[in-house]
Amino acid sequence: MQKLTNKEITPLVDVPVQRTGKTGGFKDVRAEKLLASGSPKCVESKQTYADGNCLYMAMSRIICGDEDRHVEQRMRTFIELCKNKDKYLNDCYLKESTSLDDYVENLLGSSFDLSSKTKRKQNTEHQREGFEAGIVDTIKPGTYSTMWHFFALSNILGFPIQTVYPEVKGSLVNRNYVNVLITPSQMQHPKVAYIMRTHTSNVDFHGWTPNHFVLLIPVPPLAVGAAKAKPSAPPLR
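Residues numbered from 1 in each chain as written. Predicted model: local features only at pLDDT ≥ 70, side-chain atom pairs only at ≥ 80, totals over all residues. Heavy atoms only, no water.

1. Observations concerning helix α2 (residues 54–64)
Stage number 1. In terms of burial, α2 is a largely internal element, 10 of the 11 residues being buried.
Stage number 2. Every buried residue of α2 is accounted for by Cys54, Leu55, Tyr56, Met57, Ala58, Met59, Ser60, Arg61, Ile62 and Ile63. (Buried < 20%, exposed > 50% of the residue type's maximum accessible area, 1.4 Å probe, protein only. Helix = DSSP H or I, 4+ residues; strand = E, 2+ residues; numbered from the N terminus.)

Structure, rendered in structure tokens:
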């Protein structure tokens, strides 16, 4: 992988964190059906366009209230992962961000393709090669995001991100590692952003794999009850 400049990429300084309570948009009907399963209380899901850029669109809405800066978020995530790949393959660092042990061992294999055409390589070499190939894919519009993209985004933007993973039976991943609060190395804003994994069509609680991300907006308890009484827009196609 090409070596990038050593110039530090600092967190965005213009993140209007107060926007999280003012972000508009339609409620995501399918995500709402999954919210009751081990999810935070007093939050409402917001639709995100399902074209493979949904994570970055959701983060853009937190920053500026719309999805216009999603390309910038993807580019900055790519650069952050390239610059600091050793850090993101270090379990000690990941534990500092999540308070969980053995992140690489438990989740890297389900996040990136660790297969190799070269035999007799050590496990760490397979992990590094798969991780670097996955980083390259990050720059391609529409490619799916993993927990490592969340790690990078939290550091880029300088605020904690709570990843929300519904409690479904037969999940192929350890939910403890994908339903977690991620804290940045340098805290710029204390407010937590909530991003939920969901599915564009399947709301069954038995053995599904997520294929979509939506933003969760904290709302007062009374507002949640009122919102449930209002009709929602049809899901985005």
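Read on, since the account is not over.
2. Here we look at the packing of helix α3 (residues 70–83) against helix α7 (residues 123–138)
Stage number 1. Between α3 and α7, whose axes approach to 9 Å, the crossing angle comes to 160°. Taken together, the axes of α3 and α7 lie roughly antiparallel to each other. The chirality of how α3 crosses α7 is left-handed. Within the contact between the two elements, α3 uses Arg74, Thr77, Phe78, Leu81 and Cys82 and α7 uses Phe131, Ile135, Val136 and Thr138.
Stage number 2. Grouping the amino acids of the contact of α3 with α7 by side-chain chemistry returns six nonpolar, two polar and one charged. (Axes fitted to C-alpha atoms, helices over the stretch in contact; angles between N-to-C directions. Parallel < 35°, antiparallel > 145°, perpendicular 65-115°, else oblique. Left-handed = near helix turned anticlockwise from the far one by under 90°. Contact = heavy atoms within 4.5 Å. Nonpolar A, V, L, I, M, F, W, Y, C, P; charged D, E, K, R; others polar.)

3. Description of the environment of Val203
Stage number 1. Position of Val203 relative to the elements: it lies in the loop between β4 (193–198) and β5 (212–218).
Stage number 2. In this structure the C-alpha to C-alpha distance between Val203 and Val29, which are 174 residues apart in sequence, comes to 9.9 Å.
Stage number 3. Residue contacts for Val203: discarding those within four places in its chain leaves Arg30, Lys33 and Leu34.

4. A few points about the packing of α2 against helix α8 (residues 147–157)
Stage number 1. Taken N-terminus to C-terminus, the directions of α2 and α8 make an angle of 20°; their axes are 12 Å apart at the nearest point. Here α2 lies roughly parallel to α8, going by the angle between them. At the point where α2 passes α8, the crossing takes the right-handed sense. Taking contact as the criterion, the partners of Leu55, Tyr56, Met59 and Ile63 in α2 are, on α8, His149, Phe150, Leu153 and Leu157.
Stage number 2. Its residues placed into classes, the contact of α2 with α8 shows seven nonpolar, one polar and no charged.

5. A look at unusual backbone geometry
Stage number 1. Its identity is not glycine, yet Ser99 carries a phi of approximately 70°, on the positive side.
Stage number 2. The topology assignment puts Ser99 in the loop between α5 (91–98) and α6 (103–111).
Stage number 3. In this structure, Asp102 takes a positive phi of about 55° despite not being glycine.
Stage number 4. Along the chain, Asp102 turns up in the loop between α5 and α6.

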